[in-house]
Amino acid sequence: MKALTIAQPYAHLIMTGEKLVENRTWNPQYRGRLVIHAGKSREWLDTHSPLPEGMVFGAALGTVDVVMVVHIDTINSWRRNPALCPIPYQWICFHEHTEGLWCWILEDPKPFPEPIKCQGALGLWEFEMPTSNG
């Protein structure tokens, strides 16, 4: 299954359903289920606030659906003329994370029962679900 490594706190926010848009400088030409991997970096964290409960680093957290990828120019045209925006996605124009060159629209986060420790990678990469020996 395809996976994407995302810095914390954003991976955590995606898995809790608070962040519905992931911003990238490239269009993945990919739609479908995607594993969200929390990177090890703490660069994007507010060092003056405690970490949210359950936030982990260096682990696959769960999956989301990539349902649409939209260029920011298209979103800006929707902002100027909201009637052009697809009805189920009108929230995109006002979402606080709709700001990157390519906005990946995410739905249906499904956290794994437990985070799966693993190495991340740049770009889209292949994640193999570990097999249990139970």
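Note: the structure precedes this text.
Everything in this summary refers to the structure shown in the same document. (Residues numbered from 1 in each chain as written. Predicted model: local features only at pLDDT ≥ 70, side-chain atom pairs only at ≥ 80, totals over all residues. Heavy atoms only, no water.)

To continue, consider the layout of surface pockets. The volume enclosed by the largest pocket comes to roughly 400 Å³. Forming the walls of the largest pocket are 16 residues, and the residues nearest its centre are I6, A7, E22, R24 and W44. Those elements that provide at least two residues to the lining of the largest pocket are β1 (2-6) and β2 (21-24). Taken together, the residues that form the lining of the largest pocket break down as 7 nonpolar, 5 polar and 4 charged. Estimated volume of the second largest pocket: approximately 160 Å³. In this structure, the second largest pocket is lined by Q8, H12, M15, T16, E53, G54, M55, V56, L61, P111, F112 and P115. (1 Å grid on protein atoms, 1.4 Å probe; cavity = no way out; pocket = protein on both sides within 12 Å on 5 of 7 lines; lining within 4 Å. Points joined across faces, edges and corners; volume = space filled by probe spheres on them. Helix = DSSP H or I, 4+ residues; strand = E, 2+ residues; numbered from the N terminus. Nonpolar A, V, L, I, M, F, W, Y, C, P; charged D, E, K, R; others polar.)

Attention now goes to the nonpolar core. Generally speaking, soluble globular proteins have nonpolar side chains that are buried together. The biggest cluster of nonpolar side chains holds 15 residues, and the ones touching the most others in it are I14, L34, I36, V64 and W104. Of all the elements in the fold, those that place two or more residues in this core are β1, α1 (10-15), β3 (32-38), β4 (59-71) and β5 (102-117). Considering each element in turn, this core owes the most residues, 4 residues, to β4. The residues contacting W104, other than those within four sequence positions of it, are L4, L20, V21, E22, R24, W26, P28, L34, V66, M68, V69 and L124. (Core = buried A, V, L, I, M, F, W, Y, C linked by side-chain atoms within 4.5 Å. Buried < 20%, exposed > 50% of the residue type's maximum accessible area, 1.4 Å probe, protein only. Contact = heavy atoms within 4.5 Å.)

The strand order across the open sheet built from 6 strands is β2-β5-β4-β3-β1-β6, with neighbouring strands paired in mixed fashion. What marks the edges here is a single partner per strand, and that holds for β2 and β6 (124-126). Adjacent strand axes in the sheet meet at a mean angle of 45°, parallel and antiparallel pairs treated alike. As paired strands, β3 and β4 are joined by 7 bridges and run antiparallel to one another. By the bridge assignment for β4, A38 is matched with A59. Of the strands in this sheet, β4 and β5 touch helix α2 (residues 72-80), which is tilted by about 65° from β4. (Pairing = 2+ DSSP bridges. Axes fitted to C-alpha atoms, helices over the stretch in contact; angles between N-to-C directions.)

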